[in-house]
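# Structural overview for review
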Amino acid sequence: MAKIDQKSNKVIFTNAEYAKAWENCPIIQNRDRKDFRLCYICKYPMEFKINENMSDDETAWVIDLINIKKPVLEIENYIGVHANCVENRTKKNATKLIKRIKMVGWMAPE
């Protein structure tokens, strides 16, 4: 379970939580689901590179909460997004948006 580091005031996630957040991301039809998923905010592919140190790698990702109206640190509320996209989020509860995105067969640009 995620813990909050009191010194840095950051959330520290476990490997299982990263894996579940990755599984919650929409699938890209023409890419391997283990290596690539779709960022639901910008609709661009993410590579399976976790951005723990906030590097400049634009394809790396971080964990975001699906519903920030009720900010609970539970695995069902985690999803992966590009680190740069977190600030571009438009809705506080993205549950319906993510369901609609998952229903569409997304393809990555060739």
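Placed above this text is the structure.
In this report, we go over the structure that sits alongside the text. This structure is a prediction, so every number in the text was calculated from the model and none was measured. (Residues numbered from 1 in each chain as written. Predicted model: local features only at pLDDT ≥ 70, side-chain atom pairs only at ≥ 80, totals over all residues. Heavy atoms only, no water.)

### Observations regarding the side chain of arginine 37
Structurally, arginine 37 can be placed in strand β3 (residues 36–38). Among the polar contacts listed, one links the side chain of arginine 37 to the backbone oxygen of cysteine 25, at a separation of 3.0 Å. Apart from residues lying up to four places away in sequence, arginine 37 is in contact with Trp22, Glu23, Cys25, Pro26, Ile27, Ile28, Tyr44, Pro45 and Met46. (Helix = DSSP H or I, 4+ residues; strand = E, 2+ residues; numbered from the N terminus. Polar contact = N/O pair within 3.5 Å; in protein donor to acceptor, adjacent residues only side chain to side chain. Contact = heavy atoms within 4.5 Å.)

### Let's talk about a positive patch on the surface
Together, Lys91, Lys96, Lys99 and Arg100 give the surface a local cluster of positive charge. Within the secondary structure, arginine 100 sits in helix α2 (residues 95–103). (Patch = residues over 30% accessible without salt bridge, like charges linked within 9 Å, V, L, I, M, F, W, Y side chains within 5 Å. Areas by Shrake-Rupley, 256 points an atom, 1.4 Å probe, with all protein chains shown as cover. Salt bridge = Lys/Arg side-chain N within 4 Å of Asp/Glu carboxyl O. Lys, Arg positive; Asp, Glu negative; His and termini not counted. Charge placed at Lys NZ, Arg CZ, Asp CG, Glu CD.)

### A few points about the pairing of strand β6 (residues 78–82)
With five of its five residues buried, β6 lies for the most part within the structure. Of the pairings in the sheet, the one linking strand β5 (residues 61–65) to β6 comprises five bridges and is antiparallel in character. Residue valine 62 lies in a different strand from β6, and its bridge partner there is valine 81. (Buried < 20%, exposed > 50% of the residue type's maximum accessible area, 1.4 Å probe, protein only. Pairing = 2+ DSSP bridges.)

### Some points on the nonpolar core
By size, the foremost hydrophobic cluster in this structure holds 26 residues, and its most contacted members are Tyr40, Trp61, Ile63, Tyr78, Ile79 and Val81. Within the residue set of this core, elements represented by two or more residues are α1 (15–24), β5, β6 and α2. Among the elements that take part in this core, β5 stands out by supplying four residues, more than any other. Every residue in contact with isoleucine 63, bar those within four places of it in the chain, is listed here: Phe13, Glu17, Tyr18, Ala21, Tyr78 and Ile79. (Core = buried A, V, L, I, M, F, W, Y, C linked by side-chain atoms within 4.5 Å.)

### Overview of the state of the cysteines
Going through the model one piece at a time under the given rule, you end up with zero disulfides. Of all cysteine sulfurs, the one in cysteine 39 lies closest to cysteine 25, which takes part in no disulfide; the gap is 7.9 Å. Between cysteine 85, a free cysteine, and cysteine 42, which holds the nearest cysteine sulfur, the sulfur-to-sulfur gap is 3.6 Å. Cysteine 85 sits in the buried class, given a relative accessible area of 8%. (Disulfide = S-S within 2.5 Å.)

### Some points on the side chain of glutamate 17
By secondary structure assignment, the location of glutamate 17 is in helix α1. Taking the relative accessible area as the measure of exposure, glutamate 17 reaches 2% and is therefore buried. When sequence neighbours within four positions are dropped, the list of residues in contact with glutamate 17 reads Met1, Ala2, Ile12, Ile63, Ile75 and Tyr78.

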